[in-house]
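Given next are the chains, with one letter for each unit.
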Amino acid sequence: MTAPTNQDLIDFVVHETRLIDQHRFEEWLDLFAEDGRYWMPLEWGQTDPRLTTSLMYEDKLLLKIRVERLKGNRTFSQKPKSRCHHVLQTPQVDKRDEAGNEYVTWTPMHYIETRLDRQDLYAAWATHTLCMIDGKLRIKLKRVDIVNSDAAFGNIQLFM
Amino acid sequence: MAKYRGNSEAVRSLIRETEVHRDVYIDQEVFELEMEHLFANSWIYVGHDSQVPNKGDYFGTDVGRQPVLMVRHTDDTVHVLYNRCPHKGTRITSETYGNAGKFFRCPYHAWSFKTDGSLLAIPLRKGYENTGLEASHAAKGMAPIKHVRNYRGFVFAKLNDAGPGFEEFFGDSLSSFDNMIDRSPAGRLEVAGGVLRYMHDCNWKMLVENQTDTCHPMVAHESSAGTAIEVWKKAPPGAKKPMAVEIYAPFMAPYEFFEGMGIRVWPNGHGHTGVHHSIHSDYSAVPGYFEQMVTAYGEQRAKAILDENRHNTVYFPNIMIKGPIQLVRVFKPLAANKTLVESWTFRLVGAPDMLLERTLMYNRLINAPTSVVGHDDLEMYERAQEGLRVDANQWVNVQRLYDPSEVADTTAVTNGTTEWQMRNQFRAWSKFMTMTM
């Protein structure tokens with residue numbers, strides 16, 4: 001199996017957020033490994049997703065429910081639909097473990113979500129833990145640490 | 001010109017037997033009066049004493065819109081102080097949690113106060129000799145709230161001398177707190193997991209009413225819970241139903257389920273859904289927990305505690321608890337059209353971690369700003385806040401299963417889809433709003 005180059009890892013992260021911004025959510029879901037997770041901690045420097053509350057800690061089933069819900073005819077909080085926009089710094093490769101098939105990138109970003117006349121701006125760091133499955137990069141864990149994760153937010157309906 | 005201030009008749013006229021005027025939700029003057037009267041004459045939840053385990057520990061929050069500190073004094077009792085230096089008004093602490101040591105020290109001029117709020121020392125005190133400081137407001141220190149009650153760890157405060165005492169105010173409704181606490185083999189809860197904070201652009205009362213609104217889940221949550229059921233249907237046959245699906249699915253239960261669960265109302269605006277069963281009745285057993293409960297309480301009592309599956313208990317005016325989930329939601333009023341919802345979770349001391357794990361999953365899936373169920377609800381509240389601007393109809397209907405013989409301040413068990421509990425809240429609202437006008 002050919003190991004991904006650093007540029008492959010960077011391209012993957014950039015492509016992943018593009019799929020979100022373009023509402024290509026089903027393609028986006030396919031980027032996750034079957035046991036992949038999306039984690040948005042509640043606490044600064046949080047280490048435990050199980051006995052400490054998170055904003056999101058979702059397996060592929062829960063993510064699938066979100067994606068299906070966004071399309072639903074009776075999903076009134078998406079009438080009209082939200083839109084979103086990511087600005088990424090260049091992802092940095094923090095770890096390359098070819099033997100263990102694990103690659104970690106770190107990406108500071110700004111995320112904007114809008115609906116009707118409202119626009120919310122979030123600053124966050126995304127940490128991707130990736131692996132190669134059948135010759136393709138897949139997400140084992142996407143961790144999004146919002147800078148002020150413990151602040152009171154209104155609705156966050158899409159994906160950072 | 002003031003429409004409601006000093007006019008208790010005008011305030012009372014906002015509440016009719018089966019409808020309430022929109023001004024209770026959208027009028028800022030009514031909101032100000034709620035803060036001055038309703039939130040001062042009734043017992044307001046402050047926090048849990050496990051948040052301040054050691055002497056000198058404090059927790060900062062608000063009672064109504066009053067900034068306060070809940071603090072563990074040197075004699076181990078819990079006090080609630082206004083978070084203001086008596087000198088220039090400076091807020092003494094800004095962190096949510098901290099330890100003051102033996103005394104609070106104002107960061108501005110170093111006035112210091114014992115942890116019961118009394119004035120300890122002033123630098124260069126001789127500057128106040130013969131000035132009559134003893135008689136000033138400043139000499140009283142950080143003013144304590146006089147009426148504070150710690151009920152099995154849950155701390156409440158009443159700002160005014162007016163209004164009923166703690167037992168009279170809550171009466172039999174405390175049975176819901178008892179059941180939540182008794183679910184711990186040690187009879188004790190601890191705040192755990194972290195608090196979810198969710199900002200709502202709507203009036204606080206919409207949230208409180210929603211807690212016993214049993215005709216909305218299968219409609220408003222079709223998008224989330226309904227989708228969860230549909231997605232789960234495609235799971236491979238024989239797959240074990242995940243905890244998350246167990247949590248989502250009952251929101252789609254039919255009307256008959258909610259009618260049959262029953263609603264109980266108590267005096268002073270308290271009440272609960274889930275008298276006979278609830279959406280929390282059919283969760284999978286957690287290994288080892290029942291055995292721990294039997295050891296602690298004996299089999300009969302353990303069963304009685306765990307057979308109680310109350311759904312949402314509203315403690316008027318602004319909290320809701322879920323006994324089977326160990327969750328307290330606080331609806332903090334910020335303005336007529338702004339409410340901060342805090343969802344607090346608790347560990348059952350002595351019980352398996354898996355219970356806390358389920359509690360936190362529930363909180364994350366249902367009460368977070370990222371929760372799809374939360375999105376469904378907030379959309380309805382915000383649409384109501386908008387829709388109430390319509391002048392052609394200025395009344396909100398709370399008539400479902402109304403019976404003209406219905407009386408205020410009584411205890412009753414009735415059909416689970418009644419809006420009696422909403423009427424109960426508004427009767428209490430009228431009473432506590434006007435008792436000091």
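Provided above is the structure to which this section pertains.
The structure displayed is predicted, hence computed values, not measured ones.

Chemist: Would you mind going over the overall build of chain B in detail, with residue names and values included?
Modeler: When you go through chain B residue by residue, the secondary structure sums to 15 helices and 21 strands. The dimensions of chain B, computed from C-alpha atoms along their principal axes, are 85 × 60 × 35 Å. Put simply, chain B has 437 residues, and 57% of those count as buried. Summed over all atoms, the accessible surface of chain B reaches about 17400 Å², with 51% contributed by carbon and sulfur. Charge-centre separation for chain B: the mean point of 46 positive side chains lies 6 Å from the mean point of 51 negative side chains.

Chemist: Please provide a residue-by-residue account of the state of the cysteines, values included.
Modeler: Residues and elements named next belong to chain B. Tallying each qualifying case throughout the model produces 0 disulfides over all chains. Take Cys 202: it sits in no disulfide, and the sulfur closest to it among the cysteines is that of Cys 215, at 20 Å. With a relative accessible area of 0%, Cys 202 lands in the buried category. Exposure remark for Cys 215: the relative accessible area of 21% places this residue in the partly exposed category.

Chemist: Break down the pairing of strand E5 (residues 102-115) of chain A for me, citing the residues and quoting the values.
Modeler: Each regular strand displays side chains that alternate between the two surfaces of the sheet. All names here are of chain A. Among the 14 residues in E5, 10 count as buried, and that is most of the element. Across 6 bridges, the pairing between strand E3 (residues 83-88) and E5 is antiparallel. Looking at E5, one finds that His 86 is bridged to Tyr 111. Here 5 bridges tie strand E4 (residues 92-97) to E5, and the two strands are oriented antiparallel to one another. When the sheet's bridge partners are listed, Arg 96 is paired in E5 with Tyr 103. Between E4 and the antiparallel strand that follows it, E5, lie 4 residues; Asn 101 among them carries a positive phi value of about 55°.

Chemist: Before we move on, could you go through the side chain of Thr227(B) and cite the residues and values that matter?
Modeler: Mapped onto the secondary structure, Thr227(B) falls in helix H8 (residues 222-233). Taking the relative accessible area as the measure of exposure, Thr227(B) reaches 13% and is therefore buried.

Chemist: Go over the sheet that holds strand E7 (residues 103-105) of chain B, please, and point to the residues and values.
Modeler: Think of a sheet as strands paired side by side through backbone hydrogen bonds, with each pair either parallel or antiparallel. Residues and elements named next belong to chain B. Across the sheet, 3 strands lie side by side as E7-E8-E9; this open sheet has antiparallel pairing. Pairing within the sheet leaves two strands with one partner each, and these edge strands are E7 and strand E9 (119-121). Ignoring strand direction, the axes of neighbouring strands in this sheet form an average angle of 35°. Here strand E8 (residues 112-114) pairs with E9 via 2 bridges, running antiparallel. For Ser 112, the partnering residue across the bridge sits in E9 and is Ala 121.

Chemist: How would you explain helix H15 (residues 420-434) of chain B if you had to name every residue and give the values?
Modeler: For H15(B), which comprises 15 residues, the first-to-last C-alpha distance of 21 Å matches the rise-based estimate of 21 Å (1.5 Å per residue) to within 8%. Within H15(B), 14 of the 15 residues are buried, leaving the element largely enclosed by the surrounding structure.

Chemist: Run through the pairing of strand E4 (residues 66-72) of chain B, naming residues and quoting values.
Modeler: Residues and elements named next belong to chain B. Taken across its 7 residues, E4 has 5 buried, putting it largely inside the fold. In this structure, strand E3 (residues 57-63) lies alongside E4, joined through 6 bridges in antiparallel fashion. Considered in E4, the bridge of Phe 59 is made with Met 70. Counting the residues in the hairpin turn of E3 and E4 gives 2 residues, including Gly 64, whose phi is positive at 60°. Where E4 meets strand E5 (residues 78-82), 5 bridges bridge the pair, whose relative direction is antiparallel. Residue pairing across strands places Met 70 opposite Val 80, the latter belonging to E5. Joining the antiparallel neighbours E4 and E5 is a turn of 5 residues, in which Asp 76 adopts a positive phi near 80°.

Chemist: Account for unusual backbone geometry, with residues named and values stated.
Modeler: The omega torsion of the bond from Lys79(A) to Pro80(A) falls at 0°, within 30 degrees of zero and hence cis. Looking at the secondary structure, you find Pro80(A) in the loop between helix H3 (60-71) and E3. Between Phe316(B) and Pro317(B) the backbone carries a cis peptide bond, its omega angle lying at 5°. Among the structural elements, Pro317(B) can be located in the loop between strand E16 (313-315) and strand E17 (319-322). The phi torsion at His23(A) lies on the positive side, around 60°, for a residue other than glycine.

Chemist: Any chance you could break down the nonpolar core for me, citing the residues and the numbers?
Modeler: Within the largest apolar cluster, 79 residues are counted, with the highest numbers of intra-cluster contacts made by Phe154(B), Phe156(B), Phe177(B), Ile319(B), Val328(B) and Trp429(B). In terms of residue count, the dominant contributor to this core is helix H3 (residues 28-41) of chain B (7 residues). Setting aside chain neighbours within four positions, we find Phe154(B) in contact with Tyr45(B), Gly47(B), His48(B), Arg149(B), Phe177(B), Met180(B), Ile181(B), Leu189(B), Val328(B) and Phe346(B). In terms of nonpolar packing, the next biggest core, distinct from the first, is built from 37 residues, Leu130(A), Ile146(A), Leu158(A) and Leu196(B) among them.

Chemist: Can you lay out the interface of chain A and chain B for me, pointing to particular residues and giving the numbers?
Modeler: Across the contact, 35 residues belong to chain A and 37 residues belong to chain B. Here chain A and chain B share an interface that buries about 3100 Å² over both sides, 59% of which is from carbon and sulfur atoms. Inspection of the chain A/chain B interface yields 5 salt bridges. A salt bridge links Asp201(B) to Arg118(A), with the shortest nitrogen-to-oxygen separation between them at 3.3 Å. Linking chain A with chain B are 16 residue pairs in polar contact (both at pLDDT 80 or more). Those elements that provide at least two residues to the side of chain A that touches chain B are strand E2 (54-58) and H3 of chain A.

Definitions and limits used
- Residues numbered from 1 in each chain as written.
- Chains lettered and ligands numbered in written order.
- Predicted model: local features only at pLDDT ≥ 70, side-chain atom pairs only at ≥ 80, totals over all residues.
- Heavy atoms only, no water.
- Helix = DSSP H or I, 4+ residues; strand = E, 2+ residues; numbered from the N terminus.
- Buried < 20%, exposed > 50% of the residue type's maximum accessible area, 1.4 Å probe, protein only.
- Areas by Shrake-Rupley, 256 points an atom, 1.4 Å probe, with all protein chains shown as cover.
- Lys, Arg positive; Asp, Glu negative; His and termini not counted.
- Charge placed at Lys NZ, Arg CZ, Asp CG, Glu CD.
- Disulfide = S-S within 2.5 Å.
- Pairing = 2+ DSSP bridges.
- Axes fitted to C-alpha atoms, helices over the stretch in contact; angles between N-to-C directions.
- Expected span 1.5 Å × (residues − 1).
- Core = buried A, V, L, I, M, F, W, Y, C linked by side-chain atoms within 4.5 Å.
- Contact = heavy atoms within 4.5 Å.
- Buried area = accessible area lost by both parts, 1.4 Å probe.
- Salt bridge = Lys/Arg side-chain N within 4 Å of Asp/Glu carboxyl O.
- Polar contact = N/O pair within 3.5 Å; in protein donor to acceptor, adjacent residues only side chain to side chain.

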